[in-house]
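Here is how the chains run, residue by residue.
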Amino acid sequence: MQARIVMLVDLDYFYAQCEERRNPSIKGKPVVVCVYSGRTEDSGAVSTANYVARKYGVKSGISIVLAKQKLKGVDAVFLPVDHPFYREISDKIMEILRSHADSFEQVGVDEAYMDVTQKTKGNYQEAKNLAATIKNDVLTQQKLTCSIGVGPNKLVAKIAADIQKPDGLTPVKPEEVQRFLSPLPVRSLVGVGKKTEKRLETLGVRTVGQLARFDVQRLIEVFGRKLGTYFHNASVGIDNEPVQERSEPESVSRISTLKEDTRDLAVILDEAYGLCDDVHARLLRRGLLYRSVSIHIVAGDLSVHSKSKTFENPTSSLETFKKTVKELFEKFLAESIVEARRVGVKVSSLNKKEELQKQITNFFGFSNH
Ligand code: DCP
Ligand code: MG
Ligand code: MG
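Residues numbered from 1 in each chain as written. Chains lettered and ligands numbered in written order. Predicted model: local features only at pLDDT ≥ 70, side-chain atom pairs only at ≥ 80, totals over all residues. Heavy atoms only, no water.

A. Representation of the pattern of salt bridges in the model. Applying the stated rule across the entire model yields 23 salt bridges. Put simply, Lys68 and Asp42 hold a salt bridge, and the shortest N to O gap is 3.0 Å. Residue Lys68 is found in helix α3 (residues 64–70), and its partner Asp42 is found in the loop between β2 (31–36) and β3 (44–49); the two are separated by 26 residues along the sequence. The class for Asp42 is partly exposed, based on a relative accessible area of 24%. Connected through salt bridges with shared partners, the residues Asp10, Asp12 and Lys165 form a single ionic network. (Salt bridge = Lys/Arg side-chain N within 4 Å of Asp/Glu carboxyl O. Helix = DSSP H or I, 4+ residues; strand = E, 2+ residues; numbered from the N terminus. Buried < 20%, exposed > 50% of the residue type's maximum accessible area, 1.4 Å probe, protein only.)

Laid out in structure tokens, this is it:
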């Protein structure tokens, strides 16, 4: 196999950075994005925090109560999570990244692997330049900073991206991998959790370098063949996992809560059409066509209702989408007596535009060859 160049791009303090972008006046203050559970005013957990807040020890996963203690007397900003907003920004940034990659694999809302072997002709200097271009594109077009790791595979790229944050760019050439990994704690390796870390420690293994020198046969005895081999390979920086586009979503949906419970079609549609716009924008960005449209209603009494319609042929039409949503809500109101509290719209039976084109071409027996 040809030597590869792989990047991992991870957005910095993602949710909190989105909030800073939305409201630049909070920049410089500790910003804490929270999932409020709603039980009491402060019950819930911290989703993420900006780097100012991290200096006070605030980080993902701690309770909001603890975060407030750590930031006692400090002018800090606490905000609830707004997933649709982050998703929008994420989708736009992923499109930028995708456009720079030979192959692309999004692995979370704020990170993606890119194989750039062809694009860079396997040259690390070019890869570094490309990473700088990507950072600049994301910053100028979407006003967000990210950190990029560059290496011969996903494993090294991921660790390299994490090592210098925020706004980092860390290339690790194949000949540097061993020296780069050696001093790191075994926890840096994907798949090494708390438990494994403890077991390795009892074997006298704390760093990746120590793991690399540890007898493979003994590792296999302790962890089994599969894991033992994996740990050994990871410790010496071997990873052959390809960068692969994840399968397309089965459906795209949005739901939102109305200001008050209602049976007023105009009010419901006003909200639902906004959701249609969002869903449609996501379809376009991903180059997807839909064949089914559904609506979803959570009523004032928390009962759940839905209706859907499926078409003969796939389409990307926003007009058809909205017209169908209207029809379905009219039908729902005619058939039911409940008031709507939350309304949602969904498209499903999705197809990729190009794939459909290929299918049609094959069907008619056309070919470029
Ligand atoms: N997230 C979350 N709960 C966690 C971890 C993460 O809700 N325990 C969310 C909020 C983060 C987003 O996922 O903004 C991305 O996670 P990252 O691990 O990439 O963390 P950040 O982007 O927030 O910070 P960093 O700058 O370290 O990447
Ligand atoms: Mg991140
Ligand atoms: Mg991440």
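Read on for the rest.
B. How the structure looks around the coordination of the magnesium ion (ligand 2). Protein coordination at the magnesium ion (ligand 2): the donors are Asp10 (OD), Leu11 (O) and Asp110 (OD), at 2.0 to 2.2 Å from the metal. The site at the magnesium ion (ligand 2) holds 6 donor atoms, and with the angles between them running 80 to 173°, its shape is octahedral. Separating the magnesium ion (ligand 2) and the magnesium ion (ligand 3) is a distance of 3.5 Å, and Asp10 donates to both of them. Linking Asp10 in strand β1 (residues 6–11) with Asp110 in the loop between β5 (103–108) and β6 (111–115), this pair joins segments that are 100 residues apart in sequence. By the burial criterion, Asp10 is buried, and Asp110 matches it. (Donors = N, O, S within 2.8 Å, 3.2 Å for Na, K, Ca; no water. Tetrahedral: all angles 85-135°; square planar, octahedral: opposite > 155°, others 65-115°.)

C. Structural context of the site of ligand 1. Of all residues adjacent to ligand 1, which total 13 residues, the nearest are Tyr13, Ser47, Thr48, Tyr51 and Arg54. Leu11 has a polar backbone atom sitting 3.1 Å from an oxygen atom of ligand 1. Take Asp110: an N or O atom from its side chain is 2.8 Å from an oxygen atom of ligand 1. Alone, ligand 1 offers 550 Å² of accessible surface; in the complex the protein occludes 68% of this. Contributing elements (two or more residues each) for the shell around ligand 1: β1, α1 (14–22), β3 and α2 (51–54). Split by residue class, the shell around ligand 1 holds 5 nonpolar, 3 polar and 5 charged. (Near = heavy atom within 4 Å. Polar contact = N/O pair within 3.5 Å; in protein donor to acceptor, adjacent residues only side chain to side chain. Areas by Shrake-Rupley, 256 points an atom, 1.4 Å probe, with all protein chains shown as cover. Nonpolar A, V, L, I, M, F, W, Y, C, P; charged D, E, K, R; others polar.)

D. Local environment of the state of the cysteines. In total, this model carries 0 disulfides according to the counting rule given. Distance from the sulfur of Cys34, which forms no disulfide, to the nearest cysteine sulfur (Cys18) is 15 Å. (Disulfide = S-S within 2.5 Å.)

E. Examining a nonpolar patch on the surface more closely. Together, Val190, Leu227 and Tyr230 make up a nonpolar patch on the protein surface, roughly 240 Å² of accessible area in all. Looking at the element boundaries, Leu227 is found in helix α11 (residues 225–235). For Leu227, a relative accessible area of 40% puts it in the partly exposed group. (Patch = residues over 30% accessible without salt bridge, like charges linked within 9 Å, V, L, I, M, F, W, Y side chains within 5 Å.)

F. A look at the coordination of the magnesium ion (ligand 3). Taken together, Asp10 (OD), Asp110 (OD) and Glu111 (OE) make up the full set of protein donors to the magnesium ion (ligand 3), lying 2.2 Å away. All donors of the magnesium ion (ligand 3) come from a single chain, and their spacing in sequence reads D-x99-D-E. Classification of Asp10 by relative accessible area gives buried; the value is 7%.

G. Representation of the packing of helix α4 (residues 83–98) against helix α5 (residues 124–142) within the structure. Running from N to C, α4 and α5 cross one another at 145°; their axes reach a closest spacing of 10 Å. Relative to α5, α4 is oriented so that their crossing is right-handed. Contacts from Ile89, Lys92, Ile93, Ile96 and Leu97 in α4 reach Ile134, Asp137, Val138, Gln141 and Gln142 in α5. Grouping the constituent residues of the contact of α4 with α5 by class yields 6 nonpolar, 2 polar and 2 charged. (Axes fitted to C-alpha atoms, helices over the stretch in contact; angles between N-to-C directions. Left-handed = near helix turned anticlockwise from the far one by under 90°. Contact = heavy atoms within 4.5 Å.)

H. Main features of the pairing of β1. The buried fraction of β1 is high, at 6 of 6 residues. Alternating residues of β1 divide into Val6, Leu8 and Asp10 and Met7, Val9 and Leu11, and every residue in both groups is buried. Judged from the 5 bridges that link them, β1 and β6 form a sheet pairing that is antiparallel. The residue bridging Leu8 from the neighbouring strand is Tyr113, located in β6. (Pairing = 2+ DSSP bridges.)

I. Summary view of the packing of aromatic side chains. In this structure the tally under the stated criterion is 8 aromatic pairs. Among the aromatic side chains, those forming a connected cluster through ring pairs are Phe14, Tyr15, Phe85 and Tyr86. Over the ring of Phe85 we find Arg22, and its NZ or CZ is 3.9 Å from the ring centre. (Phe/Tyr/Trp six-rings, centres within 6.5 Å; stacked < 30°, edge-to-face > 60°. Lys NZ or Arg CZ within 6 Å of the ring centre and 35° of its normal.)

Purely spatial values, then, with no claim about function.
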